[in-house]
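Letter by letter, the chains look like this.
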Amino acid sequence: MLARLTQRFKKGGLARNALTVTLGTLAAQALLIAVTPLLTRLYTPADFGVLAVFTAIVSITGAVTNLRYETAIPLDGRDEDAAATFLAAVITGFATTCLVALVVALCGEQLVTGANVPGLGPLLWAIPIGTLGMAFYNATNLWAVRRQAFRAVALSKLAQFGFMAVWQVLHGWLAKGPAGLVVGQALGQPAGIVNFLRSFDVRDRALLRATSLSAIRAAAVRHYRFPLLLTPSLLLNTSAKMLPAVFLATLYGPVVAGQFGLAQRVVLAPVRLLGMSIGQAYLGAAPKLAREDRAALLRLFRSTTFHLAWIGLLGMAAVAIPAPFLFALVFGEAWREAGVQLQILSIMYLAQFVIFPVGQTLAMFGRQDLNLWWDIGNMAITLLAFLIGWGWQLSSNQTLLLYSVAMSANYGVNWLLSHHAILHGQAAGSAASAAVTTE
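K.L.:
Explanation requested: unusual backbone geometry in the structure shown.
P.N.:
Of all residues except glycine, most have a negative phi; of all peptide bonds, most are trans. Its identity is not glycine, yet leucine 67 carries a phi of approximately 55°, on the positive side. Note that leucine 67 resides in the loop between helix 3 (45–64) and helix 4 (79–115). Taking the relative accessible area as the measure of exposure, leucine 67 reaches 27% and is therefore partly exposed. At glutamine 393, a residue that is not glycine, the phi angle is positive and equals roughly 55°. Structurally, glutamine 393 is set in the loop between helix 16 (368–391) and helix 17 (396–424).

K.L.:
Is there a simple way to think about the side chain of asparagine 66 in this case?
P.N.:
Relative to the elements of secondary structure, asparagine 66 occurs in the loop between helix 3 and helix 4. Of the residues examined, asparagine 66 reaches a relative accessible area of 0% and is grouped as buried. A polar atom in the side chain of asparagine 66 sits 3.1 Å from the backbone oxygen of alanine 135. With residues near it in sequence (within four places) discarded, asparagine 66 still touches Ala89, Val90, Thr92, Gly93, Met134, Ala135, Asn138 and Ala139.

K.L.:
In this structure, what is going on with the environment of asparagine 414? I would like to understand it.
P.N.:
Looking at the secondary structure, you find asparagine 414 in helix 17. Accessibility expressed as a relative area gives 4% for asparagine 414, which makes it buried. Linking asparagine 414 and threonine 361, residues 53 residues apart in sequence, is a C-alpha distance of 9.9 Å. In this structure asparagine 414 touches Ile355, Gly359, Leu362, Asn371 and Trp374, once residues within four positions along its chain are discounted.

K.L.:
Sorry if this is basic, but what is going on with a nonpolar patch on the surface here?
P.N.:
There is a patch of nonpolar side chains on the surface, built from Leu38, Val166, Leu170, Trp173 and Leu174 and spanning about 550 Å² of accessible area. No other element matches helix 6 (residues 150–174), which puts four residues into the nonpolar patch. Turning to its location among the elements, valine 166 is positioned in helix 6.

K.L.:
What am I meant to see in the packing of helix 12 (residues 294–320) against helix 17 here?
P.N.:
Two quantities define a packed helix pair, namely the angle between the axes and the distance from one axis to the other. At a closest axis distance of 9 Å, the pairing of helix 12 and helix 17 adopts a crossing angle of 165°. What the angle tells us is that helix 12 and helix 17 run roughly antiparallel. Our pair here, helix 12 against helix 17, has a crossing hand that is left-handed. When helix 12 is examined against helix 17, the residues Arg294, Leu297, Leu298, Phe301, Arg302 and Thr305 are found in contact with a partner set consisting of Trp415, Ser418, His419, Ala421, Ile422, Leu423 and His424. Broken down by class, the residue content of the contact of helix 12 with helix 17 amounts to seven nonpolar, four polar and two charged.

Parameters at a glance
Residues numbered from 1 in each chain as written. Predicted model: local features only at pLDDT ≥ 70, side-chain atom pairs only at ≥ 80, totals over all residues. Heavy atoms only, no water. Helix = DSSP H or I, 4+ residues; strand = E, 2+ residues; numbered from the N terminus. Buried < 20%, exposed > 50% of the residue type's maximum accessible area, 1.4 Å probe, protein only. Polar contact = N/O pair within 3.5 Å; in protein donor to acceptor, adjacent residues only side chain to side chain. Contact = heavy atoms within 4.5 Å. Patch = residues over 30% accessible without salt bridge, like charges linked within 9 Å, V, L, I, M, F, W, Y side chains within 5 Å. Areas by Shrake-Rupley, 256 points an atom, 1.4 Å probe, with all protein chains shown as cover. Salt bridge = Lys/Arg side-chain N within 4 Å of Asp/Glu carboxyl O. Axes fitted to C-alpha atoms, helices over the stretch in contact; angles between N-to-C directions. Parallel < 35°, antiparallel > 145°, perpendicular 65-115°, else oblique. Left-handed = near helix turned anticlockwise from the far one by under 90°. Nonpolar A, V, L, I, M, F, W, Y, C, P; charged D, E, K, R; others polar.

Now the structure itself:
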């Protein structure tokens, strides 16, 4: 068995790619978590509340700024088509960021007042910067995935979090207030792009230079389902994950949002990053299996789910059970409540960790419609949970418990939909699905 495993890693494939990206992700996240005890002594819970609201806004705008064209980069059969799709993603990212900047200029003050975070007012300019950084990072990241440049993906994460950690610590020593946290977060994404650009070889650059505007337009039309269905779907999905920080600030104040933000920083960030890393490796292998070997894809889907489930369960239990004590010990007594919040949210974090990597399966089978309906349910659950908390005057923890349980159940629905798509769907890019996707 050990010999077979060693041979698989020598040959590459899903296991080796996942390990490469995961190690880079773990190193990057370990660096960020290592400096967090220092940050919690340099910044107040209210400062972290401003960061949580800022991160929620930029995560929402940045996630959809490419109109999801970047997701189609690994799916194109020809490199020439993929280059056109890459440039379509970059162009739409820049254009959408300009729109975000306009909205911030016109409505920024109302946003600050509505979210109950006055500390964000002087830092509104960082929202377009963070959005543009995510747009370029998303596109270059998926190009590297297509090229199987998983080492570049891993190093980019280390560059991101390394820059962020250094900036936030140094600024916290030199000045008070949330500016160091917010600006460091905004500039972290562009820091990771530098490593991707270095990985572009001569052939990559030649492909991009040779791509015409007509080819870019054709790529945009060819993948019209991604902006039409996946963009609103991801907007709803990301909003459901990130808006709780804004709702907590609005209903319970920035200090509660700051506690929530620290819990996210310590647990949700590695959950999402590890899930994304494994998901990228899954995306590198699964589309071909979807077209050529449905049974092998089903085995990959089930085995990935199984391994993620037991790894996530052990890891989440080890962190969540002693969380209040650990948070008070490591981050300071003022942060004990963040540990309580982590315990409440742990079931949702576990479900997200298991489902997120394989949740891309629906897109592989052209079932963006199912993904959209699922995300509508996600957003509805989030809004309903906080509306009930507000209407019934629940405590912040009671509201979070309601939100956590409902969201966990909905992640289970996503897994069932993906499983159904593998059994009965038609793979995107196959002859049969071509008629569907070009209607």
